[in-house]
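# Survey of secondary and tertiary structure
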Amino acid sequence: MSPFNLAECARPNILALVPYRCARDDYKDDGTNILLDANENAYGPSVAPLASKVDSDLLTARDFLGLHRYPDPHQEALKEKLCALRNTHTHTQKKLKPENLFVGVGSDEAIDAVLRAFCVPAKDRILTCPPTYGMYSVSAQVNDVAIVKAPLLPAPEFAIDVAAVTETLSKEPNIKVVYLCSPGNPTGSVLAKEDIQKILEHPTWNGIVVVDEAYIDFAPDGTSLAEWVLEWPNLLVMQTLSKAFGMAGIRLGAAFTSPAIAALLNNLKAPYNISSPTSSLATYAVSEGGLEVMRGNREKLLKQRDRLVEELPKIPGVGRRRGGLDSNFLLYEMLNAKGEPDNEVAQKVYQMLAEAKGVVVRFRGKEHGCLACLRITVGTEEEVTRLLAALRTALEEVRGTAA
């Protein structure tokens, strides 16, 4: 018999890995559920004009009949359009160019690529500011990289604790990367530019700052720091087409950074990491027709976000909004019958919404500073109507206040 023993053969950090989980690991979509858990764009992808007429040379039969060929390994046309989108000259008169870009399979590939490029396993470390996106820690563990945490300041602002971060970078050895999420997930708050700048200009720390801007298109114009990579060589700004563009299914992320860092990431990626269909769809999404659809859908989502901000506090048992209004989701406390934030109540409401009401949101109560909080993705008008009714009923039942 083979002496194979998985526990002794596999890497210990992989054996101990707790994978990233989402609400749909527990509540599958059966076609009737309202999915307000993953911050997707409920109004659909930014390719709606194609439903009636394929009039763009960006998506032609040639793109799909050519699937027997490997895709373009450099994605120059897509990178040109991504640069054009972010060349707003809000922060600098310099211009982003394709050499400032890495494109990958969602932002997750960039998160992992940065770790592999800069962190020596079992030696180097990263710094995160919880509450924050869970894939930073998952990717760190996969790469056998330890995490140092400097929590955000308390809600509702969820600002960077600049003093704690800079002190940690001064005293803790071998921190190579700082991961910041702006707008934050699950906070929905944009981080102050001046706070990020202070970290970038740390006088002794030799490392890079990663700013994850997955939700940047829901924030006010001029918020993105993509152009800042032209001024700070130690900055990398990640973005994605999964959120405002409604293209989560194609898995396309972009990382703006200095040409030197972009070259490192492009050198270590798989040769053909972006498929031809993904490239064609992404290029269309950031072209004039796709941008028009995205902006129209975004306006509808922002209208429903405002509606939720107005209506949620009217529901007995809904507490304070924690965090900001710079994304396509909201973070709200759930209260017990005494009017106190209560994790048990929040957990039960989350489960009841999914199991009895067919409305899937996200329980975030175990994250730092998010006691008793549910994260609710903004949906369509019909979905928001159903959510509000379901949440009112669930809270009545859980809190024992039903008439």
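The written sequence of each chain sets the order in which its residues are numbered from 1. In keeping with the predicted nature of the model, local features appear solely for residues at pLDDT of at least 70, side-chain atom pairs appear and are counted solely at 80 or more, and the whole-chain, interface and lining totals rest on all residues. Side-chain figures throughout are based on the complete set of non-hydrogen atoms in the structure, without hydrogens or water.

Under the convention used in this document: UniProt positions are given in the numbering used here, feature names are shortened, and annotations may be inferred rather than shown by experiment.
The name given to the chain in an unreviewed UniProt entry is histidinol-phosphate transaminase, with Pseudallescheria apiosperma as the source organism. Checking UniProt for the chain, the heading Cofactor (unreviewed entry) contains the comment "pyridoxal 5'-phosphate". Taken from UniProt, the Catalytic activity (unreviewed entry) comment for the chain reads in full: "L-histidinol phosphate + 2-oxoglutarate = 3-(imidazol-4-yl)-2-oxopropyl phosphate + L-glutamate".

## A short note on the overall build of the chain
What counts is decided by this rule: The secondary structure listing takes helices from DSSP runs of H or I that are at least 4 residues long and strands from runs of E that are at least 2 residues long, numbered from the N terminus. The cut-offs for exposure are 20% and 50% of the maximum accessible area for each residue type, with area from a 1.4 Å probe on protein chains only; residues under the lower value are buried, those over the upper are exposed, and the others partly exposed. Pairs of residues are marked as contacts when any of their non-hydrogen atoms sit within 4.5 Å. The protein chains shown are the only cover counted for residues, whose accessible areas, like all others here, come from Shrake-Rupley with a 1.4 Å probe.
Helix and strand counts for the chain stand at 13 helices and 13 strands. When each of the 403 residues of the chain is scored for burial, the buried share is 54%. Considering only intrachain contacts with a sequence separation of at least 6, the fraction spanning at least 24 residues in the chain is 74%. In the form shown here, the chain has an accessible surface area of approximately 18,000 Å², with 53% of it arising from carbon and sulfur atoms.

## Details of empty space enclosed by the protein
Where we set the bar: A cavity here means a set of 1 Å grid points, computed over protein atoms only, where a 1.4 Å probe fits but cannot escape. A pocket is an open set with protein on both sides within 12 Å along at least 5 of 7 lines, and lining residues have an atom within 4 Å of a point. Grid points are joined across faces, edges and corners, and a volume is the space filled by probe spheres set on the points. Gly is put with the polar residues, along with every residue not named as nonpolar or charged; the nonpolar set is Ala, Val, Leu, Ile, Met, Phe, Trp, Tyr, Cys and Pro, and the charged set is Asp, Glu, Lys and Arg.
This model, assessed by the stated rule, comprises 4 cavities of 30 Å³ or more. By volume, the largest cavity amounts to about 60 Å³. Taken together, Leu82, Leu85, Arg86, Gln239, Thr240, Leu241, Phe245, Leu252, Gly253, Ala254 and Val286 form the lining of the largest cavity. Residue assignment for the lining of the largest cavity shows that the elements contributing at least two residues are helix 4 (76–86), strand 7 (235–240) and strand 8 (253–257). Among the elements that make up the lining of the largest cavity, the one with the highest residue count is helix 4 (3 residues). Partitioning the lining of the largest cavity into residue classes produces 7 nonpolar, 3 polar and 1 charged. Computed from the structure, the second largest cavity encloses a volume of approximately 50 Å³. In terms of lining, the second largest cavity is formed by Cys129, Pro131, Thr132, Leu152, Tyr179, Leu180, Cys181, Gly184, Asn185 and Leu191. Its residues assigned to classes, the lining of the second largest cavity comprises 7 nonpolar, 3 polar and no charged.

## Digging into the packing of aromatic side chains
To be explicit about the condition: Aromatic pairing here means that ring centres of Phe, Tyr or Trp (its six-membered ring) are within 6.5 Å. Orientation follows from the plane angle: under 30 degrees is stacked, over 60 is edge-to-face, and everything else is tilted. The criterion is that NZ of a Lys, or CZ of an Arg, lies within 6 Å of the ring centre and within 35 degrees of the ring normal, and then a charge sits over that ring.
Under the criterion given, the structure shown has 6 aromatic pairs. Residues tyrosine 70 and tyrosine 272 carry aromatic rings whose centres are separated by 4.6 Å and whose planes lie at 15° to one another, so their mutual orientation is stacked. Of this pair, tyrosine 70 sits in the loop between helix 3 (61–65) and helix 4 while tyrosine 272 sits in the loop between helix 9 (259–268) and helix 10 (276–285), and the two are 202 residues apart along the sequence. On the basis of relative accessible area, tyrosine 272 is assigned to the partly exposed category, the value being 40%. Following the ring pairs from residue to residue traces out a cluster consisting of Tyr133, Tyr136 and Tyr179. Positioned above the aromatic ring of phenylalanine 329, the side-chain terminus of arginine 375 is 5.6 Å from the ring centre.

## A short note on the sheet that holds strand 5 (residues 175–181)
What counts, and what does not: Note: two strands are recorded as paired if DSSP finds a minimum of 2 bridges between them. Interaxial angles span 0 to 180 degrees and are taken between N-to-C directions of axes, which are lines fitted to C-alpha atoms, for helices over the stretch in contact.
Taken in spatial order, the 7 strands make up an open sheet running 2-8-7-6-5-3-4, and their pairing is mixed. The sheet is open, and its two borders are formed by strand 2 (101–104) and strand 4 (146–149), each paired with just one other strand. Shown here is a sheet whose adjacent strand axes are inclined to one another by a mean of 25°, direction ignored. Across 4 bridges, the pairing between strand 6 (residues 208–212) and strand 7 is parallel. Each bridged residue has a counterpart across the sheet, and for valine 210 the counterpart in strand 7 is leucine 236.

## Some words on the packing of helix 12 (residues 343–356) against helix 13 (residues 381–399)
What counts, and what does not: Here roughly perpendicular refers to angles of 65 to 115 degrees, roughly parallel to angles under 35, roughly antiparallel to angles over 145, and oblique to all remaining angles. Crossings are classed by handedness, with left-handed meaning an anticlockwise turn of the near helix from the far one by less than a right angle and right-handed meaning a clockwise turn.
Direction vectors running N to C along helix 12 and helix 13 enclose 130°, while the axes themselves pass 9 Å from each other. The angle between the axes of helix 12 and helix 13 places the two elements in the oblique class. When the axes of helix 12 and helix 13 are compared, the crossing they make is right-handed. Taken together, the residues of helix 13 that come into contact with helix 12 (itself represented by Val345, Lys348, Val349, Met352 and Leu353) are Ala390, Leu391, Ala394, Leu395, Glu397, Val398 and Arg399. Looking at the contact of helix 12 with helix 13 residue by residue, the class counts come to 9 nonpolar, no polar and 3 charged.

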